[in-house]
There are 2 protein chains.
Amino acid sequence: MKKILVLGAGLSASSMIKYLLDHAEQNNWKVIVADQSKELAEKKIAGHSRGEALYFDVFDEALRRELISSVHVVISMLPARFHGLVAEQCVESGIHMITASYISDQIKALDEQAREKGVLLLNEMGVDPGIDHMSAMQVIDRIRNSGGQIKEFESSTGGLVAPEHDNNPWNYKFTWNPRNVVIAGQGVSRFLHNGQVKYIPYHKLFSRTETVDILDYGRFEIYPNRDSLKYKDIYKLDGVKTLFRGTIRRPGYSKAWDVFVQLGMTDDSFVIADSEHMTYREFANSFLEYRKNMPLEKKMVEYIHASEDSDIMQKITWTGIFERKAIGLKRASPAQILQNLIESKWKLGSEERDMIIMQHKFVYEFDDTEKEIKSTMVVKGDSQVHTAMSITVGIPVAIAAKLLLQDRIKVRGVQLPVVKDVYEPVMEELADYGIRFIEEERLVGEAVES
Amino acid sequence: MKKILVLGAGLSASSMIKYLLDHAEQNNWKVIVADQSKELAEKKIAGHSRGEALYFDVFDEALRRELISSVHVVISMLPARFHGLVAEQCVESGIHMITASYISDQIKALDEQAREKGVLLLNEMGVDPGIDHMSAMQVIDRIRNSGGQIKEFESSTGGLVAPEHDNNPWNYKFTWNPRNVVIAGQGVSRFLHNGQVKYIPYHKLFSRTETVDILDYGRFEIYPNRDSLKYKDIYKLDGVKTLFRGTIRRPGYSKAWDVFVQLGMTDDSFVIADSEHMTYREFANSFLEYRKNMPLEKKMVEYIHASEDSDIMQKITWTGIFERKAIGLKRASPAQILQNLIESKWKLGSEERDMIIMQHKFVYEFDDTEKEIKSTMVVKGDSQVHTAMSITVGIPVAIAAKLLLQDRIKVRGVQLPVVKDVYEPVMEELADYGIRFIEEERLVGEAVES
């Protein structure tokens, strides 16, 4: 019997644990779910004969060693900062590890040791990062193998609300960690456009959007997603002229969100004086100039150069930012206050479904012509537990664990799913779970020597 | 004979050392100037019989102890981060210390120990901070003692070029550390306006200016200078409704500088890819959108919504940012590249003079009427060595050292020059050096209960 240890039984682990339990009998697995709340772990196991729920404390070194040493593969769904501790123990004990998080320097440094021990530390095995790598590399390798040369690569992803439950003026709801949405894009974003590196400071990010139509889901907008340049190395896109990663929202979202950014309300670097006893209205007013006898709404209308009945003012007003409601948060940053305000507003209801959209665009040269492939995935949630986010993050991780235990993944050391050995079988099985890409191809024109 | 130890013989120490040497004979002082370049220290002493030049290395603990223990007062003109080391030795050896820098937490923590030893650690004794405290407190105390209640306090300072040498489109030249000018205002600025705390994010700072006329020096503009709120405690301004600190520039400076801020060119948090082999033109282009066949200047004109022959485009063009000149800096941040570009352009020529302007505005209630006092200082440099900056930073420090050695300053512990015991005699003597404030008073109107 092979043992799988899942560390962390939070929302994002639901679909993954279900997959493992569903496949446990035929593969002769035992699925051990360990969490700081044993109760939560038990809930995820739901009395399955192949499952076991345990208490886990990542800071308990002896427990870490004991648990990890006794299994065949570890799946860490802990907060990303703890993966390093788990990975070190995995290497020491000679046990494989899989995570859905971005590879860290701490984990990178374990590569040689892991290879020596015959251990695989497989990272970025979720949706973004994860499915993005696999689905892109599948097309990139195919183009290359047929002799094509990739000139442009653009890839965008968005966690959104399903159209049938899209009923607020922002056309957006939280489907993942709200904090990450509030502080999204802080720092500089960079990408490659027609051979030139472009830098966008945070305060310009949400005004640099592009509009696209995606399949028959209608219109969306895309804003740049941090450092696109690193994908040149990861995907080995040497001759690429344009390299862009983006975040997908419904049209109008970015322009309205930009109001908060411009005012300084997404800043997480300082504390608002006496935030506890302030109202949201006072909070908003502290970012706008003092104007004698001018109501806040009027100042805002002037600030954003829009009319009172404009779409943008409707979005802003809908958040409740003008309300005389107490904030009640001690020593809070602007970002924390804003998150507190919108968290209940953008909450996905229990009967509502989320939707994840991912779209890649490849432009490549082949035989003196230029062609474009668009490859698009749309996944909707099944239930409040098995959301699109939980499915797309968890199923790839679970499939990778299965393939590894079946000895069908041979690579070792610190890896991303950009190797065919990993992405090919995973992508094939993902289709069974409704995670599939639709391709649209068109001729762009005669290739021009540049 | 009393011994004064000056640590650091850089540009900012010139006027201070001259004052000390000029007063050494009559006061029976020995002035020891110690620097990591003994040659520089010797140059400042210039063979004066009362002076002595020594080599100094702040990291040499034994040397630090030996030098400090052998004198009566230490003036530290070292970079601010080293003051803590010096202060600790001063307290241990029972020696007074004076600096022109902002008080640090490290120094604050020495207060009790210093009092026990009868030691004065006098900080913020330069111009800004320094003369700002003293000149403000002089008026604040006077208003209070006459029964007035201060309602508004605004205080602004600018290091500028003297009008007779003001010959570039920015009406600005570097008179102090260029790096501090390039990254000025980063983070959030906050102030109090009519009872409301206002926050301004960095990307809005240079568009939130006010215009003022100062004496007969013409028109200036003022932008907010970081955290004004802390002056409420420092000056004990309990009932104040408006509290604002600002930086003074000539009109048009902020609007043009804001172009660099908006583009992201003042960012010091990341490195520009291949900065060494780039031109300034390519650097500028990396912050503007790709537009087929559109020259950079045209893109900039569109970006700033101004015409090609506008004042703002003239300022931008004059910096050389559009030139095909190599940057030649390895792994440089945008702020470093921008500083490199303008450092030679904004250099004060050897025959040119700088000018420091400081203006306080007090609005106070007295006898049911509201009055306003404006108190203004303008100081011009004497020479390339004795700049306005060197004079206004150095002379207050030197006077404080004299008063201390003459036993006319009685306070001990960690102090700022906000106590009458310090500011009164210093301000009186500063007038002999042309550092004086001109007051304009006017009636604002009947006071209204708020």
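Fair warning: this is a prediction, and the values are worked out from it, not measured in the lab. (Residues numbered from 1 in each chain as written. Chains lettered and ligands numbered in written order. Predicted model: local features only at pLDDT ≥ 70, side-chain atom pairs only at ≥ 80, totals over all residues. Heavy atoms only, no water.)

Some remarks on the overall build of chain A
Keep this limit in mind: Secondary structure follows DSSP: runs of H or I at least 4 residues long count as helices, runs of E at least 2 residues long count as strands, and numbering of each begins at the N terminus. In this description the radius of gyration comes from C-alpha coordinates, and the expected globular size is given by 2.2 Å times residues to the power 0.38. Three exposure classes are used, based on accessible area relative to the maximum for each residue type with a 1.4 Å probe and protein chains only: buried under 20%, partly exposed in between, and exposed over 50%. Residue contacts are defined here by distance: any two heavy atoms, one from each residue, within 4.5 Å place the two residues in contact. Each accessible area is a Shrake-Rupley result for a 1.4 Å probe, and residues are judged covered by the shown protein chains and nothing else. A residue counts as positive if it is Lys or Arg and as negative if it is Asp or Glu; His and the chain ends are not included. To locate a charge, the coordinates of NZ of Lys, CZ of Arg, CG of Asp or CD of Glu are taken.
What chain A contains, in helices and strands, is 18 helices and 16 strands. In terms of overall dimensions, chain A is globule-like: its C-alpha atoms have a radius of gyration of 24 Å, near the 22 Å expected for 450 residues. Its C-alpha atoms give chain A principal-axis dimensions of roughly 75 × 60 × 40 Å. Sorting the 450 residues of chain A into buried and exposed places 56% on the buried side. Put simply, 69% of the contacts in chain A that link residues at least 6 apart link residues at least 24 apart. Carbon and sulfur atoms provide 45% of the accessible area of chain A, an area that totals close to 19200 Å². For chain A, the distance from the average site of its 57 positive side-chain charges to the average site of its 65 negative ones is 2 Å.

A look at the interface of chain A and chain B
The cut-off we apply is this: Accessible area, probed at 1.4 Å, shrinks when two parts are joined; the buried area is that loss added up over both. Salt bridge, as applied in this entry: a Lys or Arg side-chain nitrogen positioned within 4 Å of an Asp or Glu carboxyl oxygen. Polar contacts here mean pairs of N or O atoms no more than 3.5 Å apart (in protein, one a potential hydrogen donor and the other a potential acceptor; neighbouring residues in sequence count only if both atoms are side-chain atoms).
On the side of chain B, 28 residues touch chain A, which itself brings 28 residues to the contact. Taken over both partners, the interface formed by chain A and chain B buries close to 2500 Å², and the fraction arising from carbon and sulfur atoms is 53%. Inspection of the chain A/chain B interface yields two salt bridges. For A:Arg208, the salt bridge goes to B:Glu289, with nearest N and O atoms at 3.9 Å. Our enumeration of links across chain A and chain B arrives at 18 residue pairs in polar contact (both at pLDDT 80 or more). Mapped by element, the contributors of at least two residues to the side of chain A that touches chain B are β8 (188-193), β9 (196-201), α10 (202-205), α12 (253-263) and α14 (296-304) of chain A.

Observations regarding the domain arrangement of chain A
Note: interface size is frequently given as the accessible area lost on complex formation between the parts. Residue and element names in this part refer to chain A. Note the cut-off: Boundaries of every domain are those given by an automatic assignment or by a domain database.
Here the domain parsing of chain A yields domain 1 (2-123), domain 2 (131-252 + 349-388 + 436-443) and domain 3 (271-332). Of note, the centres of domain 2 and domain 3, computed from C-alpha atoms alone, are 33 Å apart. Counting residues at the interface gives four residues for domain 2, matched by five residues for domain 3. Our count for the domain 2 to domain 3 interface comes out at zero salt bridges.

Considerations on the packing of helix α4 (residues 61-69) of chain A against helix α5 (residues 83-93) of chain A
Residues and elements named next belong to chain A. Put simply, the rule reads: For helices, the fitted line uses only the C-alpha atoms of the stretch in contact; every axis is such a line through C-alpha atoms, and the angle between N-to-C directions lies from 0 to 180 degrees. Orientation categories follow fixed angle ranges, with anything under 35 degrees roughly parallel, anything over 145 roughly antiparallel, 65 to 115 roughly perpendicular, and all other angles oblique. Crossing handedness: left-handed means the near helix sits turned counterclockwise from the far one by under a right angle, and right-handed means the same turn made clockwise. Polar here means any residue other than Ala, Val, Leu, Ile, Met, Phe, Trp, Tyr, Cys and Pro, which are nonpolar, and Asp, Glu, Lys and Arg, which are charged; Gly is therefore polar.
Here α4 crosses α5 at 55 degrees, and the two axes come no closer than 10 Å. Considered as vectors, α4 and α5 are oriented oblique to each other. Along this stretch, α4 crosses α5, giving a crossing that reads as right-handed. Facing α4, whose interface residues are Arg64, Arg65, Ile68 and Ser69, α5 presents Leu85, Val86, Gln89, Cys90, Glu92 and Ser93. A per-class count over the contact of α4 with α5 returns four nonpolar, three polar and three charged.

Quick word on the relation of the copies chain A and chain B
Put simply, the rule reads: Here the copies are superposed with least squares, the fitted atoms being C-alpha atoms of residues at a pLDDT of at least 70 in both.
When chain A is brought onto chain B, the operation consists of a screw motion whose angular component is 180 degrees and whose axial shift is 0.2 Å, with 0.1 Å RMSD remaining. Put plainly, the chains are arranged around a two-fold axis. Across chain A, the smallest distance between a C-alpha and the rotation axis is recorded for A:His203, namely 3.5 Å. Counting the interface residues of chain A, we find that 100% of their copies in chain B are interface residues as well, pointing to one common contact surface.

Side note on the pattern of salt bridges
Scanning the entire structure with this criterion turns up 46 salt bridges over all chains. We note a salt bridge from A:Arg142 to A:Glu439, for which the minimum N-O separation is 2.8 Å. You can see A:Arg142 sitting in helix α8 (residues 131-145) and its partner A:Glu439 sitting in strand β16 (residues 437-446), a full 297 residues away along the chain. Where B:Asp268 meets B:Arg179, a salt bridge forms, and the shortest distance between an N and an O atom there is 2.7 Å. Of this pair, B:Asp268 sits in the loop between α12 (253-263) and α13 (280-285) while B:Arg179 sits in helix α9 (residues 178-182), and the two are 89 residues apart along the sequence. A residue is classified by how much of its surface remains accessible, and B:Asp268, at 26% relative accessible area, is partly exposed. Under the relative-accessibility criterion, B:Arg179 is labelled partly exposed at 31%. Connected through salt bridges with shared partners, the residues A:Glu61, A:Arg65 and A:Glu92 form a single ionic network.

Some thoughts on unusual backbone geometry
Omega for the peptide link from A:Asp128 to A:Pro129 comes to 20 degrees, which places this bond in the cis form. At A:Asn194, a position not held by glycine, the phi torsion is positive, near 50 degrees. Note on placement: A:Asn194 falls in the loop between β8 and β9. When its relative accessible area of 37% is taken as the criterion, A:Asn194 is described as partly exposed. In this model, B:Asn293 sits at a positive phi of 60 degrees, which is unusual for a non-glycine residue. Within the fold, B:Asn293 resides in the loop between α13 and α14 (296-304).

With respect to α14(B)
Turning to α14(B), its buried residues are B:Leu296, B:Lys299, B:Met300, B:Val301 and B:Ile304. Looking at the buried positions of α14(B), the neighbouring elements they touch are β9 of chain A together with α12, α13 and α15 (311-318) of chain B.

What to know about the packing of aromatic side chains
Rules: Paired rings are identified among Phe, Tyr and Trp, the last through its six-membered ring, by centres lying within 6.5 Å, and are further divided according to the angle between planes into stacked (under 30 degrees), edge-to-face (over 60) and tilted (the rest). Definition used: whenever NZ (Lys) or CZ (Arg) falls within 6 Å of the ring centre and also within 35 degrees of the ring normal, the charge is taken to sit over that ring.
All told, the structure shown has 46 aromatic pairs over all chains when counted by the stated rule. Here A:Tyr253 and A:Trp257 contribute two aromatic rings whose centre-to-centre distance is 6.2 Å and whose plane-to-plane angle is 10 degrees, an arrangement assigned as stacked. On the criterion of helical spacing, the pair formed by A:Tyr253 and A:Trp257 is a turn pair, its members being four residues apart in helix α12. Comparing A:Tyr253 with A:Trp257, the two get one shared label, buried. Ring centres of B:Tyr202 and B:Phe206 lie 6.3 Å apart, and the angle between their planes is 80 degrees; this geometry places the pair in the edge-to-face category. Just as B:Tyr202 is buried, B:Phe206 falls in that class too. Residue placement shows A:Arg249 over the ring face of A:Tyr253; its charged tip is 5.1 Å from the ring centre.

Some points on the nonpolar core
As a reminder, the rule being used: Take the buried residues of types Ala, Val, Leu, Ile, Met, Phe, Trp, Tyr and Cys, join any two whose side-chain atoms come within 4.5 Å, and each joined set is a nonpolar core.
Residues B:Met16, B:Leu20, B:Ile75 and B:Ile98 are the most contacted members of the largest nonpolar core, which totals 71 residues. Among the elements that take part in this core, helix α17 (residues 388-405) of chain B stands out by supplying 13 residues, more than any other. Of the residues that make up this core, three or more belong to each of domain 1 (2-123) and domain 2 (131-252 + 349-388 + 436-443) of chain B. The residues contacting B:Ile98, other than those within four sequence positions of it, are B:Val73, B:Val74, B:Ile75, B:Ser76, B:Leu122, B:Met125, B:Val397, B:Ala400, B:Ala401 and B:Leu404. In terms of nonpolar packing, the next biggest core, distinct from the first, is built from 70 residues, A:Ala13, A:Ala53, A:Ala100 and A:Val426 among them.

Some words on the pairing of strand β4 (residues 73-76) of chain B
Residues and elements named next belong to chain B. Cut-off, in case you're wondering: Two strands qualify as a pair provided that DSSP identifies no fewer than 2 bridges between them. Crossover handedness is defined by viewing with both strands directed away from the observer: a clockwise path from the first strand over the helix to the second marks the crossover as right-handed.
Burial along β4 is two-sided: the face carrying Val73 and Ile75 and the face carrying Val74 and Ser76 are both buried. Pairing geometry for strand β1 (residues 2-7) and β4, over four bridges, is parallel. Residue pairing across strands places leucine 5 opposite valine 74, the latter belonging to β4. Note: β4 against strand β5 (residues 96-99), four bridges, orientation parallel. Within β5, the residue paired with valine 73 across the bridge is histidine 96. With helix α5 (residues 83-93) bridging β4 and the parallel β5, this β-α-β connection has right-handed handedness.

Quick word on the pairing of strand β14 (residues 369-380) of chain B
Residues and elements named next belong to chain B. Among the 12 residues in β14, nine count as buried, and that is most of the element. When strand β13 (residues 354-366) meets β14, the two strands line up antiparallel, connected through 12 bridges. Within the sheet, the bridge partner assigned to methionine 358 lies in β14 and is methionine 377. Linking two consecutive strands that pair antiparallel, namely β13 and β14, is a turn of two residues; a positive phi of about 55 degrees is found at aspartate 367 within it.

Some words on the environment of A:Ile95
All names here are of chain A. Counting through the fold element by element, isoleucine 95 comes out in the loop between α5 and β5 (96-99). Exposure remark for isoleucine 95: the relative accessible area of 7% places this residue in the buried category. Discounting chain neighbours no more than four positions away, the residues touching isoleucine 95 are Ile68, Ser69, Val71, His72, Val73, Val74, Cys90 and Val119.

Let's talk about the environment of A:Asn168
Residues and elements named next belong to chain A. Mapped onto the elements, asparagine 168 comes out in the loop between β7 (149-161) and α9 (178-182). The spacing of asparagine 168 and lysine 315 is 147 residues in sequence and 8.5 Å in space, taken between C-alpha atoms. With residues near it in sequence (within four places) discarded, asparagine 168 still touches Lys173, Trp318, Lys345 and Trp346. Reaching out from asparagine 168, the side chain makes a polar contact with the backbone oxygen of tyrosine 172 at a distance of 2.8 Å.

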